[in-house]
Amino acid sequence: MSRHFLLIRLADLLVVLFGVSVLVFLMIRFIPGDAVAIMLGANTEITPERIAELESRLGLDLPVLEQYARWLVGVFRGDLGTSIWTGRPVTQEIAASLWPTLQLTLMSVIVGAGLSVPLGAFMAQSRGKGTEVAVRIGAIAGLTIPSFWLGIVSILLVAKYLPGVSMLGYVPFSQDPLGNLQRMILPVFALSLPMLANLSRLVRSAMLDALSQDYIRTARAKGAGRRRIVYRHALRNALIPFVTSVGVSVGYLLGGAIVVEQVFAIPGLGRLILGAISERNYPLIQASILVVTATFVIVNFLVDLLYAWIDPRISQQ
Amino acid sequence: MTLKATLRQNRLLAFATALVVVQVGLALLVPVLGFKDPYLQVMAQRIRPPGAAHLLGTDQLGRDVLARIVYGYRTSLLTCGAAVALALVMGGSIGLIAAYYRGWADRLLMRAMDVLFAFPILLLAIGIIAVLGPSSLSAAYAIAVVYTPIFARLLRGPALVICESEYVQGARAIGASDARILFSHVLPNLISVILVQASILLSAAILVEASLSFLGLGARPPVPSLGLMLSEGRNFLLLSPWPAVFAGLAILFLSFGFNLLGDALRDTLDPRLRQGS
């Protein structure tokens, strides 16, 4: 990977992160009407003293640029603000809710991306009109099944046919590994299915594309076995577009996790954010969005680097 | 090829079109089709299973599930249709301007789009709703903002190619104005890309809107909404799974129809864009 490529991507990353930080910072300022009164309005009586107090606590009485500068310095120090109602640093509240979401997302990436490669490669073995239509309809159906509905239906089925199996809520892996994994099965299934549908179709078409290339004919001509051709020559090249799609899917999963957590009563970031919205705890909403988005941006940056490493042609362009 | 001949030849496209037309038709014509009142609560007939009086049963307040689903289609399509149209206008203009003027305008606009695109879709939508306050209208704005960078990116690429073409050069040479070139030369050539993407994004928007309503951030009760039916139905799941099950199937059919339509249209309108085989 050329240094030039790395520098350009790094500059892109910084610009995007800067833009994201500005938007997230401005969030409170975008609230129509008197933001501070709205924030107070959820839980207490509004008095001018309370408004002035919260205003200065949030730094809203300073010029905007100074507010941003202070906020940004705080972010770099790991200070994302304090929760309006509990007075605790929002980083603490986020840290407490982070693990369930992270585990759910990570397991869904592993299951969705992991199964899509063999599934896609398998589906590439069969061609013809019937297969094309079946693959297409199956993939689109998988992609458009609402994951929260899938979650609800699976809860219903398990409750009916496997009563006694606990599948709601969350227990930390360190406390009860089996209980943790058992409760993750349905959420991971619901969350990863659309990704699996999408990616396996992609792998299949990339495989078919790769199998029709000249280097496959060469490999076949020099007498390489079928297995070696499929896995060593075709699959490796087919994985190039796959890697980018996995990166993009992480964003989908982080969003989808919010909904799936709600279905399965998992105390993760989704519940934190939704709770914060209903009590208008804007510093907490701001910080959660910033943390999740920054994670997503950095993951995609790493995927870009990985992509350039797998396919050296990219960094030459 | 005429429309009729195309549909006859491409059965998948015909199937997708039929699926979409039936569902959109139901949503548009529901007031005159003689469905039951979706707001009418009959306490004596709560949580009934599907039967002759209520084809898809009743919900926890004794309302007809079929009527609520069909009116839910209306809510969903109105919200998502308006949102995707707004995103198309905003994102399309940005993509076209970026491609036509190039240079710093291009860089500035597309960088702004990169920033919006950097947020996970549902999270950005939730953030926007947190600012505007939960309602169907907020959900529509949120979806429009979230899909703007996608349209901008999707249209900028093909627009760049068209702007370089000889006929655009020619139009410029005879002194056509920028607006004339953009509207009567560039835009018409992007119609097929727009149709395909609008259909696929509408399919995705339907899922996003349902998710938002499910989370209590979109349509407010008692408005008939598919997402709300699911979240309300969830509380009565073991008593009566029907409202939740049917509402989910309705979301699936609606989203599936538009996605398949976009997919099939892509093959028909531009075989070069064809994915797979």
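This is a predicted model, so every value here is computed, not measured.

Here we take up the overall build of chain B. From N to C terminus, chain B includes eleven helices and zero strands. Based on the C-alpha atoms only, the size of chain B along its principal axes is roughly 75 × 50 × 35 Å. For chain B, the proportion of its 277 residues judged to be buried stands at 53%. Sequence separation of 24 or more characterises 70% of the internal contacts of chain B that already satisfy a separation of 6 or more. Of the accessible surface of chain B, which amounts to about 12,300 Å², a share of 67% is contributed by carbon and sulfur atoms. Both charge centroids of chain B, one from 21 positive and one from 13 negative side chains, sit 4 Å from each other.

All names here are of chain A. Going through the model one piece at a time under the given rule, you end up with seven aromatic pairs over all chains. On the numbers, 6.2 Å between centres and 35 degrees between planes, the contact of Tyr68 with Trp71 is tilted. A residue pair is termed a helical-turn pair when its members lie 3 or 4 positions apart in one helix, as Tyr68 and Trp71 do in helix H4 (residues 64-76) at three residues. Here the two residues Tyr68 and Trp71 agree in accessibility, since each one is buried. Here the aromatic cluster, defined as three or more aromatic residues joined through ring pairs, consists of Phe18, Phe25, Tyr68 and Trp71. A cation over a ring is seen here: Arg29 above Phe25, with NZ or CZ 4.2 Å from the ring centre.

Below, the discussion takes up the side chain of Asn281(A). Mapped onto the elements, Asn281(A) comes out in the loop between helix H11 (269-278) and helix H12 (282-310). By relative accessible area, which is 0% here, Asn281(A) ends up buried.

The omega torsion of the bond from Pro221(B) to Pro222(B) falls at 5 degrees, within 30 degrees of zero and hence cis. Mapped onto the fold, Pro222(B) is located in the loop between helix H9 (191-214) and helix H10 (226-234). Residues other than glycine seldom take positive phi values, yet Ala265(A) does so here, at roughly 55 degrees. One can find Ala265(A) in the loop between helix H10 (226-264) and H11. A residue is classified by how much of its surface remains accessible, and Ala265(A), at 43% relative accessible area, is partly exposed.

Here the focus is the pattern of salt bridges. Counted according to the given criterion, the structure contains 17 salt bridges over all chains. Among the salt bridges present, the one from Arg9(A) reaches Asp12(A), with a minimum N-O distance of 3.8 Å. Taken together, the residues span about one helical turn, with Arg9(A) and Asp12(A) both in helix H1 (residues 3-30) at a distance of three residues. Exposure remark for Asp12(A): the relative accessible area of 22% places this residue in the partly exposed category. Among the salt bridges present, the one from Asp12(A) reaches Arg111(B), with a minimum N-O distance of 2.7 Å. With Asp12(A) in helix H1 and Arg111(B) in helix H4 (residues 103-117), this residue pair bridges two chains. It is possible to trace a salt-bridge network through shared partners that takes in Arg9(A), Asp12(A), Asp304(A), Arg111(B), Asp114(B) and Arg153(B).

Here we take up the packing of helix H6 (residues 129-144) of chain A against helix H11 (residues 242-269) of chain B. Axis angle and axis distance: for two packed helices, these are the angle between their axes and the distance between the axes, and together they describe the pair. Viewed as axis vectors pointing N to C, H6(A) and H11(B) meet at an angle of 135 degrees, and their least axial separation amounts to 9 Å. Considering the angle they form, H6(A) stands oblique to H11(B). Where H6(A) crosses over H11(B), the handedness of that crossing is right-handed. Residues Arg136(A), Ile137(A), Ile140(A), Ala141(A), Leu143(A) and Thr144(A) of H6(A) pack against Leu252(B), Ser255(B), Phe256(B), Asn259(B), Leu260(B), Asp263(B), Ala264(B) and Asp267(B) of H11(B). Taken together, the residues of the contact of H6(A) with H11(B) break down into eight nonpolar, three polar and three charged.

Residue and element names in this part refer to chain B. Across the interface, helix H6 (residues 136-163) lies against H9 with an axial gap of 11 Å and an inter-helix angle of 155 degrees. In terms of their interaxial angle, H6 and H9 are classed as roughly antiparallel. With respect to the hand of their crossing, H6 and H9 are arranged in right-handed fashion. Residues Ala139, Ile143, Tyr147, Ile150, Phe151, Leu154, Leu155 and Pro158 of H6 form the contact with H9, whose participating residues are Val193, Ile194, Gln197, Ala198, Leu201, Ala204, Ala205, Val208, Glu209 and Leu212.

On to the environment of Val223(B). In this structure, Val223(B) sits in the loop between H9 and H10. Along the backbone, Val223(B) and Gly72(B) are 151 residues apart, and their C-alpha atoms lie at a distance of 8.1 Å.

Procedures and definitions
Residues numbered from 1 in each chain as written. Chains lettered and ligands numbered in written order. Predicted model: local features only at pLDDT ≥ 70, side-chain atom pairs only at ≥ 80, totals over all residues. Heavy atoms only, no water. Helix = DSSP H or I, 4+ residues; strand = E, 2+ residues; numbered from the N terminus. Buried < 20%, exposed > 50% of the residue type's maximum accessible area, 1.4 Å probe, protein only. Contact = heavy atoms within 4.5 Å. Areas by Shrake-Rupley, 256 points an atom, 1.4 Å probe, with all protein chains shown as cover. Lys, Arg positive; Asp, Glu negative; His and termini not counted. Charge placed at Lys NZ, Arg CZ, Asp CG, Glu CD. Phe/Tyr/Trp six-rings, centres within 6.5 Å; stacked < 30°, edge-to-face > 60°. Lys NZ or Arg CZ within 6 Å of the ring centre and 35° of its normal. Salt bridge = Lys/Arg side-chain N within 4 Å of Asp/Glu carboxyl O. Axes fitted to C-alpha atoms, helices over the stretch in contact; angles between N-to-C directions. Parallel < 35°, antiparallel > 145°, perpendicular 65-115°, else oblique. Left-handed = near helix turned anticlockwise from the far one by under 90°. Nonpolar A, V, L, I, M, F, W, Y, C, P; charged D, E, K, R; others polar.

Just geometry here; none of it tells us what the structure is for.
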